[in-house]
Amino acid sequence: MRISVIGCGYLGAVHAAAMTSIGHEAIGIDVDEGRIRLLSGGEAPFFEPGLEDLLQAGLASGRLRFSTDMRDAADAAVHFIAVGTPQQRDGQGADLEHLDRAVEQLCGVVKPGDLVVGKSTVPVGTAADLADRLAPLGVTVVWNPEFLREGWAVKDTVSPDRIVVGVPVSSGEEISRGAPTADGLRAADVLREVYAPAIEGGTPFLVTDYATAELVKVAANAFLATKVSFINAMAEIAEITGADVTRLADALGHDERIGRRFLGAGIGFGGGCLPKDIRAFVARAEELGRGSALSFLREVDAINLRRRERAVSLAVRACGGSVYERRVAVLGAAFKPHSDDVRDSPALDVASRLRGLGARVTVTDPAAIDNARRTHPQLDYETDLDSTLNDADVVVVVTEWDEYRRGLSPEHAASLVSARAVVDGRNCLDAAAWRAAGWKYYGMGRP
Ligand code: UDX
């Protein structure tokens, strides 16, 4: 099939490359010339394992192209929209400016019978608005949310957990109300063809109305954020009762209804999705007059932000009551390992707060230093782990890279620092091993 992908960030670049890997022809469109130049040369503009191989294979096959000119999307019959929907600068809701611009430009190139398939995360109601806008052009809108995790984007795109497709449904006779219209059925069939290899491999394919498809995405992210904040709330209670939240999570996780995944207590969630998506979800519920249904998400956000402050206070305690003029080695800048993304990174927030208290902070990270330097130029960075640890008064681990979890021996680290104190902001170190090597170990929600 001939496919266009509008927006070549994490979502779009991976999607375009993945589409060619399963036999389609794809053109990726983005307004950012630098990004298009890199992608056209087979280079990933961000750290994403497996993406460059996929890009290079796609480009070599001749089925993958990139362009800044929307007119190059005119040959495609299926147009995926994968532009960003960041948090508004002056509010909690989603900023739909990129989406609006993409659709406006797309209106100039689509043909009757084309499908426009939204993948971006949007406030519920957006798909119906776009459908009204595109109907006069004979174009059907489909909402097909993406659930990819950074660091696993290629796998999550090629073999997703589920494929959700929101199509137009009938609003007429009661008997058919909610059932896909003829256009909706046809659109679902086209998407079945697009995703044929995954469906043949057993991926569930769910056809819904627009609102349900839009909600699946934000509800999934709200649930994940809630799960992380739930265990972090338990960490707060563990801290005053002497319990160990990691053992608590292990015990809870044996209950299949709960599960152990996403019960990692620490400095909480960040990144380009979870924080802004839960805020936008609350803002949308308020617009709809149902703010009370999601008011708990405000608390989820508040718990999450409190954990950053907790890591800072542990570092202060480790330094004997003040970090002023003390050397703090911060291990990690990315919002999670296997990523160079520093958007809303808890790691950099902790580093900045420590610097705000007068500490002499040095940050290291295996992948995210360049991005961190751009967003947090006030911090000092060091690529070499040993140099970061040199003469440190306290070590603060804020991203659970393997380089720190497994790669850093407490004995070796002890030979470099000036005081053996470590704050494990991700509960990712072997506490017993660090203590055995003479370290004062401070975990999150652990004695
Ligand atoms: C998330 C969703 O998982 C994905 O489905 C959606 O499409 C986009 O948002 P991502 O932002 O890549 O993906 O990160 P994810 O792996 O979900 O982690 C989110 C944050 O939660 C990270 O900051 C991570 O460190 C934190 N987290 C995760 C915890 O603090 N504890 C955990 O147990 C798990």
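**Regarding the packing of aromatic side chains**
What the rule picks out here adds up to 3 aromatic pairs. Taking 6.3 Å as the distance between ring centres and 75° as the angle between the ring planes, the aromatic pair formed by Phe-47 and Trp-401 counts as edge-to-face. Here Phe-47 is found in the loop between α2 (33-40) and α3 (51-61), whereas its partner Trp-401 is found in the loop between β12 (394-397) and α16 (402-405), with 354 residues between them in sequence. Judged by relative accessible area, which is 33%, Phe-47 ranks as partly exposed.

**Some words on the pairing of strand β5 (residues 115-118)**
Here β5 shows two buried faces, one formed by Leu-115 and Val-117 and the other by Val-116 and Gly-118. With 4 bridges connecting them, strand β4 (residues 78-81) and β5 associate as parallel partners. Bridge pairing in β5 links Ile-81 to Gly-118. For the crossover from β4 across helix α4 (residues 97-107) to β5, the handedness is right-handed.

**Quick notes on the state of the cysteines**
Counted under the stated rule, the structure contains 0 disulfides. Free of any disulfide, Cys-107 has its nearest cysteine sulfur in Cys-8, 19 Å distant. By relative accessible area, Cys-107 is classed as partly exposed at 26%.

**Topic: the pairing of strand β9 (residues 327-331)**
With 4 of its 5 residues buried, β9 lies for the most part within the structure. Viewed along the sheet, the connection from β9 through helix α13 (residues 346-356) into strand β10 (residues 360-364) turns out right-handed. Relative to β12, β9 runs parallel, the two being bridged by 4 bridges. If you follow Ala-329 over to β12, its bridge partner there is Val-395.

**Side note on the domain arrangement of the protein chain**
Entries for the protein chain in the domain assignment read domain 1 (2-208) and domain 2 (209-447). For domain 1 versus domain 2, the separation of C-alpha centres amounts to 32 Å. Counting residues at the interface gives 36 residues for domain 1, matched by 28 residues for domain 2. Across the interface of domain 1 and domain 2, roughly 2,500 Å² is buried in total on both sides, 60% from carbon and sulfur atoms.

Each value, and the rule that gives it
Residues numbered from 1 in each chain as written. Predicted model: local features only at pLDDT ≥ 70, side-chain atom pairs only at ≥ 80, totals over all residues. Heavy atoms only, no water. Phe/Tyr/Trp six-rings, centres within 6.5 Å; stacked < 30°, edge-to-face > 60°. Helix = DSSP H or I, 4+ residues; strand = E, 2+ residues; numbered from the N terminus. Buried < 20%, exposed > 50% of the residue type's maximum accessible area, 1.4 Å probe, protein only. Pairing = 2+ DSSP bridges. Right-handed = clockwise from strand over helix to strand, strands pointing away. Disulfide = S-S within 2.5 Å. Domains from an automatic or database assignment. Contact = heavy atoms within 4.5 Å. Buried area = accessible area lost by both parts, 1.4 Å probe.

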